[in-house]
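Here's the letter readout for the chains.
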Amino acid sequence: MALFNFRRDTTPAAAPVSAEVAAFLDGFSIEVMPRTAAGIEDFGAHLPKGTRVYIAHIEGTPIDEMVATAKRLRLEGYEPMPHFPARIIPDSATLNDWITRYKGEADVRQALLLGGGVNTPAGEFDSSMQLIETGAFNGFARLHVAGHPEGNRDIDPDGSDRAVMEALRWKQKFSERTDADMAIVTQFCFEPDPVIAWVDRLAAEGISLPVHIGIAGPAKLQTMLKFAIACGVGPSLRVLQRRAKDVTKLLLPFEPDEMIAALAAHKAANPGFGIEAVHFFPLGGIKTNAAWVAQKSKG
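It should be emphasised that the depicted structure is a prediction, and the values quoted were computed from it without experimental measurement.

Turning our attention to the overall build of the protein. Looking only at helices and strands, the protein features eleven helices and ten strands. For the protein, the residues scored as buried account for 53% of the 299 residues in total. Within the protein, residue pairs in contact and separated by at least 24 positions form 81% of the contacts whose partners lie at least 6 positions apart. Accessible surface for the protein amounts to roughly 13,100 Å². Of this, 52% is attributable to carbon and sulfur atoms.

Structural data, given as structure tokens:
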């Protein structure tokens, strides 16, 4: 779920603003990496104070940079939520050291726990469930876990979602037997119907953890295609592929207007629908993504 690169800022084109969309975007979150955060002189010029900012921990990123980014975000008035990718954490001592530093230096109270994007674990951890079971996150105000509306072949190589659903059921039971405030944050997709069906299926399976739906922020089509393929986006990739056939649109930014509008309309018509918030992957740049959200939030 981590991002690899962000592109230069481009100003989104003006478009009609919907009150449904504005309400749906309220309380959105966004993802950064230490090196992309370093390119933002003042987060306050782009994001509302109090915004939850996930900090992606890519394999090889020094913990010093992760903690420094979290500290900066906290000091500037934001809620830092660092990633804890199980497969890059070598042992319990390292996990506890990271948590101690995050808490002590940056007052981190929230975390995203996930398996991580590497094939071979660095040590004793292979899944977010193992991280939870250590008890190291006891006392955190909020824990988020990963969701995959289009499946995850790293977890279910046969193309089913058997293991993924079983893991989510385990996490649901954990949230019920503890006071953990939990949610599912998903990989980005490009079609609303599979997302709606997946969220409804979670409810049918008894999984009531709120969903924070992953959305790819505005970016050039080539950039979007590159990240979609690298991140294993499934069937909804066809939305980008259809657009790529029109050479006149190759250099234009791809914006998530249709995806957001469809999900917002469904949420407005079905208030109990399980999507609680939107989480942005700023593939075209943090400034571009933040400007797009600001424009769409003026409903």
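All right, on to the environment of Pro80 then. Here Pro80 shows up in strand 3 (residues 79-85). Separated by 31 residues in the primary sequence, Pro80 and Ala111 place their C-alpha atoms 8.3 Å from one another.

On to the confidence of the model for the protein. Confidence in the prediction for the protein averages 88 pLDDT; 83% of positions are at 70 or higher. This model gives residues 2-15 a pLDDT under 50, and the stretch forms 49 contacts once residues within four places in sequence are excluded.

Turning to helix 3 (residues 63-75), a few remarks are in order. Counted at 1.5 Å a residue, the expected span for helix 3 with its 13 residues is 18 Å, and the 18 Å between its end C-alpha atoms agrees. Looking at the buried positions of helix 3, the neighbouring elements they touch are helix 2 (34-37), strand 2 (52-55), strand 3 and helix 4 (92-106). Of the residues trailing helix 3, Gly77 is marked for its positive phi of about 100 degrees.

Helical geometry: 3.6 residues make up each α-helical turn, so side chains three or four residues apart lie on a common side. The end-to-end C-alpha distance of helix 7 (residues 192-204), which contains 13 residues, comes to 18 Å, matching closely the 18 Å that a straight helix rising 1.5 Å per residue would cover. For helix 7, the complete set of buried residues consists of Pro192, Val195, Ile196, Trp198, Val199 and Leu202. Down the axis of helix 7, the buried side of the element spans an arc of 165 degrees, and every buried residue falls inside it. Counted as exposed and oriented over 90 degrees from the buried face of helix 7: Asp193 and Ala204. Buried residues along helix 7 sit in contact with strand 5 (142-147), helix 6 (162-177), strand 6 (182-188), strand 7 (211-216), helix 10 (257-269) and strand 10 (275-281). At the C-terminal side of helix 7, Gly206 shows a positive phi close to 85 degrees.

Per the stated rule, a full pass over the model turns up 13 salt bridges. Glu79 is the partner of Arg74 in a salt bridge, and the nearest nitrogen-oxygen pair spans 2.8 Å. When sorted by exposure, Arg74 lands in the same class as Glu79, which is buried. Ionic pairing is found between Glu205 and Arg201, a salt bridge with its closest N-O pair at 3.7 Å. Where salt bridges share partners, they join Arg74, Glu79, Asp107 and Arg109 into one cluster.

Criteria and thresholds
- Each chain has its residues counted from 1, running along the sequence as written.
- Thresholds applied to this predicted model are a pLDDT of at least 70 for local features of residues and 80 or more for the giving and counting of side-chain atom pairs; totals over whole chains, interfaces and linings are not thresholded and use all residues.
- Neither water nor hydrogens contribute to the side-chain values; these are computed over all heavy atoms in the structure.
- Secondary structure is summarised from DSSP: a helix means a run of H or I of at least four residues, a strand means a run of E of at least two, and numbering begins at the N terminus for each.
- The buried label goes to any residue with under 20% of its type's maximum accessible area, the exposed label to any with over 50%, and the partly exposed label to all in between, with areas taken from a 1.4 Å probe on protein chains only.
- Contacts are residue-level and defined by heavy atoms, with any inter-residue pair within 4.5 Å sufficient.
- The protein chains shown are the only cover counted for residues, whose accessible areas, like all others here, come from Shrake-Rupley with a 1.4 Å probe.
- Within a predicted model, pLDDT stands for the predictor's per-residue confidence, ranging from 0 to 100.
- Expected helix span is computed as 1.5 Å times (number of residues minus one).
- Of all possible arcs, the one meant is that of the directions from the helix axis to the C-beta atoms.
- When a carboxyl oxygen of Asp or Glu lies within 4 Å of a side-chain nitrogen of Lys or Arg, that pair is called a salt bridge.

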